[in-house]
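Spelled out from the first residue to the last, the chains are:
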Amino acid sequence: MTQPCVLVTGSTHGIGYGIAEAFARQGARLVINSHLPDNGALAKLSALTECHFIQSDLSTTAGAVSLVEQAHARLGRLDTLVNNAGTFLDTPFDDLTEALFDRTFNLNVKAYVFASQAFVRLLAPGQEGASIVLVGSTNSVTAERHSVAYDASKGAVLMLVRSLAVSLAGRGVRVNGLGPGIVETPLTQRGLDVPGVRASLNKQIPFGRVGQPEDVGGAAVFLASPAAGYITGQMLFVDGGILAIQKTWEPPV
Ligand code: NAD
């Protein structure tokens, strides 16, 4: 079997790196990306597989489309696109500005749409097994205080998964979502380092700990694999049980 060719956006650290590493361990040929320099990720992943780094800012549609086109040119084809680059910029709701809202949606939603469109346009006639994975969040279905732009963007990702799945099913392209819970990355590090926060989260998460990027990668590999060949339009939450737990009479364990 030929090695799958995979592009993971926003993959020099955090969840995107965890996803890229999981694909690398399966022998996929990879393109990783950031708007910033690669920060050593390219060397680490190149020790595992063929890997390329393309610097492109996905906060513009041109940047998202150009990344997909360059990745396709480097690898000769693309089988899987993982739309992962995303961010959290919220402030207390009264202070939310249109600029912050637009920045959130441009990266978390608009880039996913137009990178996916570029990916589909580059598929070869009759190419089989293509799939798109969109990284949403537990915030795709549950809200946090003062997280209005982020929550709305991740809710949009859930509908994007379903809408793209329906639109692309006839062409044999599967589209699924991956919903991390709370994962320790540069994005969440400052919050996790606030005294008491990690211990409080650990008590609320059924698995008793926040996730690590390597907890998430396997789900993306599965969703892109032939083992998931009849799965489309689904969101797989990788959250240590966060969404499963009911409010309880018992004291936290
Ligand atoms: P992170 O900030 O730690 O890493 C983001 C990656 O995207 C980095 O490689 C960064 O360089 C890149 N990136 C940022 N802005 C970019 C841009 N404009 N263009 C191109 N690349 C850019 O974030 P993370 O925590 O790893 O989150 C990754 C994804 O997972 C996001 O979509 C986020 O919403 C989602 N998520 C994170 C958590 C969590 O707890 N960390 C939970 C649920 C969902």
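Description of the structure in this document. (Residues numbered from 1 in each chain as written. Predicted model: local features only at pLDDT ≥ 70, side-chain atom pairs only at ≥ 80, totals over all residues. Heavy atoms only, no water.)

### Some words on the overall build of the protein chain
A tally of helices and strands in the protein chain yields eight helices and seven strands. Reported as C-alpha extents along the three principal axes, the dimensions of the protein chain are approximately 55 × 40 × 40 Å. The buried share of the protein chain, reckoned over its 253 residues, is 48%. For the protein chain, long-range pairs separated by at least 24 residues make up 67% of all intrachain contacts whose partners lie at least 6 apart in sequence. When the accessible area of the protein chain is evaluated, it comes to approximately 12,700 Å², of which 57% is carbon and sulfur surface. Each charge class in the protein chain was averaged separately, 18 positive and 20 negative side chains, and the resulting centres sit 4 Å apart. (Helix = DSSP H or I, 4+ residues; strand = E, 2+ residues; numbered from the N terminus. Buried < 20%, exposed > 50% of the residue type's maximum accessible area, 1.4 Å probe, protein only. Contact = heavy atoms within 4.5 Å. Areas by Shrake-Rupley, 256 points an atom, 1.4 Å probe, with all protein chains shown as cover. Lys, Arg positive; Asp, Glu negative; His and termini not counted. Charge placed at Lys NZ, Arg CZ, Asp CG, Glu CD.)

### Looking at the site of the ligand
Every one of the 31 residues lining the ligand counts as a neighbour, but Ser34, Asn84, Tyr150, Val183 and Thr185 are closest to it. Contact between the ligand and Asp57: a nitrogen atom at 2.9 Å from a side-chain N or O atom of the residue. In this structure, Tyr150 approaches the ligand through a side-chain N or O atom, which is 2.7 Å from an oxygen atom. Relative to its unbound accessible area of 830 Å², the ligand is 94% covered by the protein chains. Only helix H1 (14-25), strand S2 (29-34), helix H4 (98-121), helix H5 (148-168) and helix H6 (186-192) provide two or more residues apiece to the shell around the ligand. Of the residues in the shell around the ligand, the class split is twelve nonpolar, 17 polar and two charged. (Near = heavy atom within 4 Å. Polar contact = N/O pair within 3.5 Å; in protein donor to acceptor, adjacent residues only side chain to side chain. Nonpolar A, V, L, I, M, F, W, Y, C, P; charged D, E, K, R; others polar.)

### What about the side chain of Thr87?
Mapped onto the secondary structure, Thr87 falls in the loop between strand S4 (80-83) and H4. Thr87 gets classed as buried once you look at its relative accessible area, which sits at 18%. If near-sequence neighbours (up to four positions away) are discounted, Thr87 is found in contact with Thr104, Leu107, Asn108, Tyr150 and Leu187.

### A word on the sheet that holds strand S6 (residues 174-180)
The pairing of strands in a sheet happens through backbone hydrogen bonds and is either parallel or antiparallel. Strands sit in the order S3-S2-S1-S4-S5-S6-S7 across an open sheet of seven strands; the sheet is parallel. The open sheet is flanked by strand S3 (51-55) and strand S7 (235-238), the only strands paired with a single partner. Across the sheet, the mean angle from the axis of one strand to that of its neighbour is 20°, orientation sign disregarded. As paired strands, S6 and S7 are joined by four bridges and run parallel to one another. (Pairing = 2+ DSSP bridges. Axes fitted to C-alpha atoms, helices over the stretch in contact; angles between N-to-C directions.)

### Overview of the pattern of salt bridges
Under the counting rule described, the total for this entry stands at five salt bridges. Where Glu50 meets Arg29, a salt bridge forms, and the shortest distance between an N and an O atom there is 2.8 Å. Taken as a pair, Glu50 in the loop between helix H2 (41-46) and S3 and Arg29 in strand S2 lie far apart in primary sequence, 21 residues in all. (Salt bridge = Lys/Arg side-chain N within 4 Å of Asp/Glu carboxyl O.)

### Brief notes about the environment of Ile132
On the secondary structure map, Ile132 appears in strand S5 (residues 131-135). For the pair Ile132 and Val161, spaced 29 residues apart in sequence, the C-alpha separation works out to 8.8 Å. Excluding residues that lie within four positions of it along the chain, Ile132 makes contacts with Leu81, Asn83, Ser116, Phe119, Val120, Leu168, Val173, Arg174, Val175 and Asn176.

### Notes on the nonpolar core
Ranked by internal contacts, the top residues of the largest apolar core, which has 62 residues, are Ile19, Phe23, Leu30, Phe119, Ile132, Leu134 and Leu178. With residues near it in sequence (within four places) discarded, Leu30 still touches Val6, Val8, Ala20, Phe23, Ala24, Leu45, Thr49, Glu50, Cys51, His52 and Leu75. (Core = buried A, V, L, I, M, F, W, Y, C linked by side-chain atoms within 4.5 Å.)

### Focus: the packing of H4 against H5
At a minimum axis distance of 9 Å, the contact between H4 and H5 shows a crossing angle of 15°. The angle between H4 and H5 places the two elements in the roughly parallel class. Crossing of H4 over H5 shows right-handed handedness. Counting all contacts with H4, which are made through Phe101, Thr104, Phe105, Asn108, Val109, Tyr112, Val113, Ser116 and Val120, the residues of H5 involved are Ala149, Tyr150, Ala152, Ser153, Lys154, Ala156, Val157, Leu160, Leu164 and Leu168. Residue composition of the contact of H4 with H5, by class: 14 nonpolar, four polar and one charged. (Parallel < 35°, antiparallel > 145°, perpendicular 65-115°, else oblique. Left-handed = near helix turned anticlockwise from the far one by under 90°.)

### Quick notes on the pairing of S6
Among the seven residues that make up S6, seven are buried, leaving the element largely enclosed by the rest of the structure. Burial along S6 is two-sided: Arg174, Asn176, Leu178 and Pro180 and Val175, Gly177 and Gly179, pointing in opposite directions, are all buried. Across five bridges, S5 lies against S6 in parallel orientation. Residue pairing across strands places Val135 opposite Leu178, the latter belonging to S6.

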